[in-house]
Amino acid sequence: DPGQDVTGLLGPLGTPWLMFSSFKAFEMEIIPAERIVAQIGDMLILTCNTTGCASPNFSWRTQMDSPLGGKVSNHRTYSTLTMNPVSIVNSHSYLCTVICDDGEKKEKKEKSVKVELYSFPSDPIIEISPSLVAGEQATVICRIPDVYPSDHLEVLLKKDEHVLHREDFQDDDSMNLETKIVTYTFHPMAEDIGKEITCVARLPIADMDFEPKERTSSQMQIVILNANFITKLSIEPSTTVKEGENVSIQCSAESNPPPKIILRRKPDNANMGPYSSRRILLPSVMFQNAGDYECMAENEFGNSRREITLNVKCKYNTMITVIPTAALSEGETVTMKCTSSSNPAPVISWKKKKATGESEKISKNATLTIQNLKSQGLWLYECEACNPFGKEEKAVKLYVQGLLEEPVQMIPLIIAFSSVAAVVVPAVAILIYVSRQAKVNGSYSLVKALRLKV
Ligand SMILES: *[C@@H]1O[C@H](CO)[C@@H](O)[C@H](O)[C@H]1NC(C)=O
Ligand SMILES: *[C@@H]1O[C@H](CO)[C@@H](O)[C@H](O)[C@H]1NC(C)=O
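Residues numbered from 1 in each chain as written. Chains lettered and ligands numbered in written order. Predicted model: local features only at pLDDT ≥ 70, side-chain atom pairs only at ≥ 80, totals over all residues. Heavy atoms only, no water.

Side note on the side chain of Thr 318
Right, on to step 1. With respect to the secondary-structure elements, Thr 318 resides in the loop between β23 (302–313) and β24 (319–323).
Right, on to step 2. At 2.9 Å, the side chain of Thr 318 and the side chain of Ser 340 are in polar contact.
Right, on to step 3. Those residues within four positions of Thr 318 in sequence are excluded, and the remaining contacts are Cys 338, Thr 339, Ser 340, Cys 383, Ala 385, Glu 392 and Lys 394. (Helix = DSSP H or I, 4+ residues; strand = E, 2+ residues; numbered from the N terminus. Polar contact = N/O pair within 3.5 Å; in protein donor to acceptor, adjacent residues only side chain to side chain. Contact = heavy atoms within 4.5 Å.)

Okay, here's the thing in structure tokens:
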């Protein structure tokens, strides 16, 4: 019976030993008790302390019997386990076992403490690259150094109070200390100048007692503005087209921040034409579409304007038919008909070229009939088709034979020209040439004359 034993043991020693013995009963404790939250990298000392035992025997181990990851130092009544620094390998429950052997009696006691680790040592680091040029893509990088356990990490990227991006690392199964990176790509705008980009990192582990659980860093946005415009305005297939062609007018402009583009027919033209943000399509272009077009590119820092002129040539198809087609003689009648199709329908008139070179208007009708041809010789008649947007001229040469002439195979009677210009231009050119020659000759003769005098 142990009770008897104790009584027996105490008997000879007297009451004082009994009192001392009960006061100094063998006890142990671990400091800190039960659970400790330690930051990786810090120093952690576990103390296993005893009372009531003259020479306790200490031993430390982890619950899983993995390496201790620390240095044991034994003293008379206590033992310490120093982890300096604490690392991931220290994430264990540690057991301290004390055997108290006072010769009479051997007693064993043990206690454990759970070491829980975290790491959240510094504020996030914000980096923005390449640089904040308004309208150009930029990337915000937030680095959260040495986080553990990273599966609890939550990161917010904010522009002032507005959340741009949120990311958590729930599925992160890394068991190491890692720098976590959150990136967000955006297009800074002029209105972002002076706004703050903030990276908020949280490690909200409710049952772990450490501070801080939230760390933030902010950076003021310095947005570089670039009001330079590269504006291009062009017309396809070309700036001069024929009625009926498919025409496309396009404007492109680049700037930072990106511009608003307005492409339109210039207001000072008759009835304001089509309007678009970048491209005006004119399928089967009409003469009325001709004119100046302007493109305006604008952002909050400036604007750029370009102009281009669209020329539309009228399609007339002016044609002359002459009846009769046979040789004409004095006294006969000839009918010349001029037709032209354009939109709007043209007004047709006839002119006769006088010997002086001037044109004389002779008819407002499409059909010109000359009865009783009188004057023999070569005559030039011109038909003019006119609508509000232009005109086209066609000419016909009429040769009238004299009555006395042999009605033989003479000069071709009717020659239609595609254009009066074809006749006029060479004639003018010849005139200029002749007059120049005359001048040159004149000056030579003057020099000669002077020489003769000397
Ligand atoms: C051990 O416990 C005793 C009694 O509570 C205390 O006085 C002593 O300072 C402790 N020793 C250590 C190393 O904590
Ligand atoms: C203009 O476009 C239409 C439809 O796309 C096409 O049928 C037509 O042939 C084009 N006209 C010209 C002159 O290219």
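Focus: the pattern of salt bridges
Right, on to step 1. All told, the structure shown has 20 salt bridges when counted by the stated rule.
Right, on to step 2. For Glu 127, the salt bridge is made with Arg 143, and the minimal N-O distance between the two is 3.7 Å. One end of the pair, Glu 127, is in strand β9 (residues 125–129); the other, Arg 143, is in strand β10 (residues 138–147), and 16 residues separate them in sequence.
Right, on to step 3. By relative accessible area, which is 34% here, Glu 127 ends up partly exposed.
Right, on to step 4. Linking Arg 305 and Glu 294 is a salt bridge whose minimum nitrogen-to-oxygen distance equals 2.8 Å. Here Arg 305, found in strand β23, pairs with Glu 294, found in strand β22 (residues 291–299); they are eleven residues apart in sequence, far enough to count as distant. (Salt bridge = Lys/Arg side-chain N within 4 Å of Asp/Glu carboxyl O. Buried < 20%, exposed > 50% of the residue type's maximum accessible area, 1.4 Å probe, protein only.)

Notes on the sheet that holds strand β7 (residues 93–101)
Right, on to step 1. Within the open sheet, the four strands sit side by side as β2-β8-β7-β4. Their pairing is mixed. Strands with a single pairing partner mark the edges of an open sheet, and in this sheet they are β2 (34–39) and β4 (56–62). Strand-to-strand twist in this sheet, taken as the mean axis angle between neighbours without regard to direction, amounts to 25°.
Right, on to step 2. Across six bridges, β2 lies against strand β8 (residues 106–118) in parallel orientation. The residue bridging Glu 34 from the neighbouring strand is Val 113, located in β8. (Pairing = 2+ DSSP bridges. Axes fitted to C-alpha atoms, helices over the stretch in contact; angles between N-to-C directions.)

A word on the nonpolar core
Right, on to step 1. Of all hydrophobic cores here, the largest spans 40 residues; its most connected members are Ile 249, Leu 310, Met 336 and Trp 350.
Right, on to step 2. Broken down by element, this core gets its largest block of residues, four residues, from strand β18 (residues 247–256).
Right, on to step 3. Residue contributions to this core reach at least three from each of two domains, namely domain 3 (228–313) and domain 4 (318–401).
Right, on to step 4. Among all residues touching Met 336, those that are not within four sequence positions of it are Thr 321, Val 322, Trp 350, Ala 366, Thr 367, Leu 368, Ile 370, Tyr 381, Val 396 and Leu 398.
Right, on to step 5. Counting residues in each nonpolar core, the second largest holds 25 residues, with Ala 138, Leu 157, Phe 169 and Ala 201 among its members. (Core = buried A, V, L, I, M, F, W, Y, C linked by side-chain atoms within 4.5 Å. Domains from an automatic or database assignment.)

A look at the sheet that holds strand β13 (residues 178–186)
Right, on to step 1. Read across the sheet, three strands follow the order β9-β10-β13 without closing on themselves; strand pairing throughout is antiparallel. One side of each edge strand has no neighbouring strand; the edge strands of this open sheet are β9 and β13. Between one strand and the next, the sheet's axes are offset by a mean angle of 20°, whatever the strand orientation.
Right, on to step 2. Two strands pair when backbone bridges link them, and β9 and β10 are joined in this way by five bridges, in the antiparallel orientation. Bridging across to β10, Ile 125 finds its partner in Arg 143.

Notes on the site of ligand 1
Right, on to step 1. If you check the shell around ligand 1, you find Ile 31, Thr 47, Asn 49 and Tyr 78 and nothing else.
Right, on to step 2. Residue Asn 49 places a side-chain N or O atom 2.3 Å away from an oxygen atom belonging to ligand 1.
Right, on to step 3. For ligand 1, whose unbound accessible area comes to 360 Å², protein coverage reaches 41%.
Right, on to step 4. Here the residues of the shell around ligand 1 are counted per class, giving two nonpolar, two polar and no charged. (Near = heavy atom within 4 Å. Areas by Shrake-Rupley, 256 points an atom, 1.4 Å probe, with all protein chains shown as cover. Nonpolar A, V, L, I, M, F, W, Y, C, P; charged D, E, K, R; others polar.)

Looking at a negative patch on the surface
Right, on to step 1. Negative charge collects at one region of the surface, where Asp 151, Glu 154, Asp 168, Asp 171 and Asp 173 lie side by side.
Right, on to step 2. Note that Asp 173 resides in the loop between β12 (162–168) and β13. (Patch = residues over 30% accessible without salt bridge, like charges linked within 9 Å, V, L, I, M, F, W, Y side chains within 5 Å. Lys, Arg positive; Asp, Glu negative; His and termini not counted. Charge placed at Lys NZ, Arg CZ, Asp CG, Glu CD.)

Details of the packing of aromatic side chains
Right, on to step 1. Applying the stated criterion across every chain yields a total of two aromatic pairs.
Right, on to step 2. Summarising the aromatic geometry, the rings of Tyr 184 and Phe 186 are spaced 6.0 Å apart at their centres and angled 20° between planes, so their arrangement reads as stacked.
Right, on to step 3. A residue is classified by how much of its surface remains accessible, and Phe 186, at 7% relative accessible area, is buried.
Right, on to step 4. The ring centre of Phe 120 lies 5.7 Å from the NZ or CZ of Arg 215, which sits over that ring.
Right, on to step 5. Across from the ring centre of Trp 379, 4.5 Å away, lies the NZ or CZ of Lys 352, which sits over that ring. (Phe/Tyr/Trp six-rings, centres within 6.5 Å; stacked < 30°, edge-to-face > 60°. Lys NZ or Arg CZ within 6 Å of the ring centre and 35° of its normal.)

Some details on the state of the cysteines
Covalent bonding between the sulfur atoms of two cysteines defines a disulfide.
Right, on to step 1. Scanning the entire structure with this criterion turns up five disulfides.
Right, on to step 2. Through a disulfide, Cys 53 is tied to Cys 100; the S-S separation comes to 1.9 Å. When the S-S torsion is 110°, as for the bridge of Cys 53 with Cys 100, the disulfide is right-handed. Of this pair, Cys 53 sits in the loop between β3 (44–51) and β4 while Cys 100 sits in strand β7, and the two are 47 residues apart along the sequence.
Right, on to step 3. With relative accessibility at 8%, the residue Cys 100 sits in the buried group.
Right, on to step 4. One disulfide bridge connects Cys 142 with Cys 199, the sulfur atoms lying 1.8 Å from each other. Looking along the S-S bond of the Cys 142-Cys 199 disulfide, the torsion reads about -80°, which is the left-handed sense. Of this pair, Cys 142 sits in strand β10 while Cys 199 sits in strand β14 (residues 196–202), and the two are 57 residues apart along the sequence. (Disulfide = S-S within 2.5 Å.)

Overview of the confidence of the model for the chain
Right, on to step 1. When pLDDT is averaged along the chain, the result is 79; 81% of the residues meet or exceed 70.
Right, on to step 2. Low pLDDT, under 50, characterises residues 1–22; the stretch is placed with three contacts to residues that sit more than four places away or in other chains.
Right, on to step 3. Confidence over residues 407–454 falls short of pLDDT 50; this stretch has 36 contacts with residues more than four positions distant or in other chains. (pLDDT = per-residue confidence, 0-100.)

Description of the environment of Asn 303
Right, on to step 1. Mapped onto the fold, Asn 303 is located in strand β23.
Right, on to step 2. Its relative accessible area of 55% is what places Asn 303 among the exposed residues.
Right, on to step 3. Sequence-wise, Asn 303 and Phe 229 are 74 residues apart; in three dimensions their C-alpha atoms are separated by 7.5 Å.
Right, on to step 4. When near neighbours in sequence (up to four residues on either side) are disregarded, Asn 303 contacts Phe 229, Ala 297 and Glu 298.

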